[in-house]
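Residue-level structure breakdown
Spelled out, the chains give:
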Amino acid sequence: HAKSAGANRYLFFNDTMNKQAVKRLQIENLIRHGLKEDYFTVFYQPKMDMLSGKVVGMEALVRFITPKGGLVSPASFIPVAEETGQIVDIGTVVLRKACIDVKRWIAQGLFHGRVAVNLSAKQFMLPFLCDQIDDILQQTDLPSYHLELEITEGTVMQSPKLAIDTMKKLRARGIHLAMDDFGTGYSSLAYLKQFPLNTLKIDKAFIDDMSSARGRNMVDTIVTIAHNLSLSVVAEGVETHEQLEQLRKLRCEIIQGYYYSKPLSAEDFAAFLQEQKQQRPKIAAL
Ligand code: C2E
Ligand code: MG
Ligand code: MG
Ligand code: MG
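Notes on the structure follow. Computed from a predicted model, the values in this text were never measured in an experiment.

Observations concerning the environment of Val156
Residue position: Val156 is located in helix H6 (residues 153–157). Between the C-alpha atom of Val156 and that of Thr166, which follows or precedes it by ten residues, the distance is 9.8 Å. When sequence neighbours within four positions are dropped, the list of residues in contact with Val156 reads Phe124, Ile151, Ala163, Met167, Met179 and Phe195.

What follows is the structure, encoded as structure tokens:
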């Protein structure tokens, strides 16, 4: 009996693997087609200052536009793109589009902060990464201090020494660096203090856990670590007013999440900036 169940399981496993391989190949082809036909677009999610309630920055998030006009989330194609190496080309597209959009918003007087672009491990490890970024900044005429890069612990821990070198080069250009999804990876505190970062982004999983005292203590600890290292802290995935108030008490200074806004198309984001601009700063009401 056990033997036949085992055999079945083996067959099932094989079938699943096959389906996954086919699916993967389909996604790979779709990405190749999308790169050729310019089907990738960038959405923006605001980062809000806790005290002033104003936009201090935004995160650029890639989207794939299907031929029917639908949007595909990066969760479904980024892992494949990472494996095939296509993430490097996608990353270039995102970086260029983000720089163009932000340059326009700055010129229109709508914005003067930073745009944060996610870098994958493969992209971050490119020996010519800094040259590529220099080229894009120059072509789009965006001063480097308007750019921030988000990298994960997994990315920097693949080769910490090399990562520190690259991070120093980027910092020397005035580019800001944020560690994304902090707390979910494998970086040690010993390394953390060596990484020339500006910001820690607390992963959404920790924000979700804030309904419990233990969860709040964890966030408290992360905020304290960040501040002790002179880093600013961004809470990602903030959805409720309660979370916002708890984060305020814990002195987390920047908030990102559906509570304020979902990621928006460039057009909608410009409208969001316009609306923000018309609002009186909270301080004026005091
Ligand atoms: P991430 O960098 O941690 O980005 C945050 C993700 O959380 C985004 O998902 C965002 O839409 C989502 N999010 C923000 N606020 C909330 C909230 O309040 N509730 C919930 N449930 N979700 C929220 P998205 O856009 O699907 O991106 C997923 C991941 O894909 C990103 O995680 C990032 O790791 C990766 N990614 C996105 N764009 C790029 C890109 O251009 N390049 C690279 N290499 N990776 C990217
Ligand atoms: Mg990110
Ligand atoms: Mg994140
Ligand atoms: Mg995350």
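Quick look at the coordination of the magnesium ion (ligand 4)
Bound to the magnesium ion (ligand 4) are the protein donor atoms Asp181 (OD) and Glu236 (OE), situated 2.3 Å from the metal. A distance of 3.0 Å spans the gap from the magnesium ion (ligand 4) to the magnesium ion (ligand 3), which Asp181 bridges by coordinating each metal. Pair noted here: Asp181 is in strand S6 (residues 176–182) and Glu236 is in the loop between strand S8 (232–235) and helix H11 (241–249), with a separation of 55 residues, a long-range link. Take Glu236: its relative accessible area is 13%, and that puts it in the buried class.

Some points on the coordination of the magnesium ion (ligand 2)
Donor atoms from the polypeptide that coordinate the magnesium ion (ligand 2) comprise Glu59 (OE), Asn118 (OD1), Glu150 (OE) and Asp180 (OD), at 2.0 to 2.2 Å from the metal. If you list the donors of the magnesium ion (ligand 2) from N- to C-terminus, the spacing comes out as E-x58-N-x31-E-x29-D. The metal-metal distance between the magnesium ion (ligand 2) and the magnesium ion (ligand 3) is 3.6 Å, with Asp180 coordinating both. One end of the pair, Glu59, is in strand S2 (residues 55–65); the other, Glu150, is in strand S5 (residues 147–152), and 91 residues separate them in sequence. Taken individually, Glu59 and Glu150 each receive the classification buried, so the pair is uniform in this respect.

Regarding helix H2 (residues 74–84)
Three or more residues of H2 are buried, namely Pro74, Phe77, Val80 and Ala81. Buried residues in H2, looked at end-on, bunch into an arc of 145°, giving them a common side. Exposed positions of H2 whose direction lies more than 90 degrees from the buried face are Ala75 and Glu83. N-capping of H2 is provided by Ser73, with a side-chain oxygen placed 3.0 Å from the backbone N of Ala75. Looking one or two residues beyond H2, the residue adopting positive phi is Gly85, at roughly 90°.

So, how was this worked out
- Residues numbered from 1 in each chain as written.
- Chains lettered and ligands numbered in written order.
- Predicted model: local features only at pLDDT ≥ 70, side-chain atom pairs only at ≥ 80, totals over all residues.
- Heavy atoms only, no water.
- Helix = DSSP H or I, 4+ residues; strand = E, 2+ residues; numbered from the N terminus.
- Contact = heavy atoms within 4.5 Å.
- Donors = N, O, S within 2.8 Å, 3.2 Å for Na, K, Ca; no water.
- Buried < 20%, exposed > 50% of the residue type's maximum accessible area, 1.4 Å probe, protein only.
- Arc of directions from axis to C-beta.
- Polar contact = N/O pair within 3.5 Å; in protein donor to acceptor, adjacent residues only side chain to side chain.

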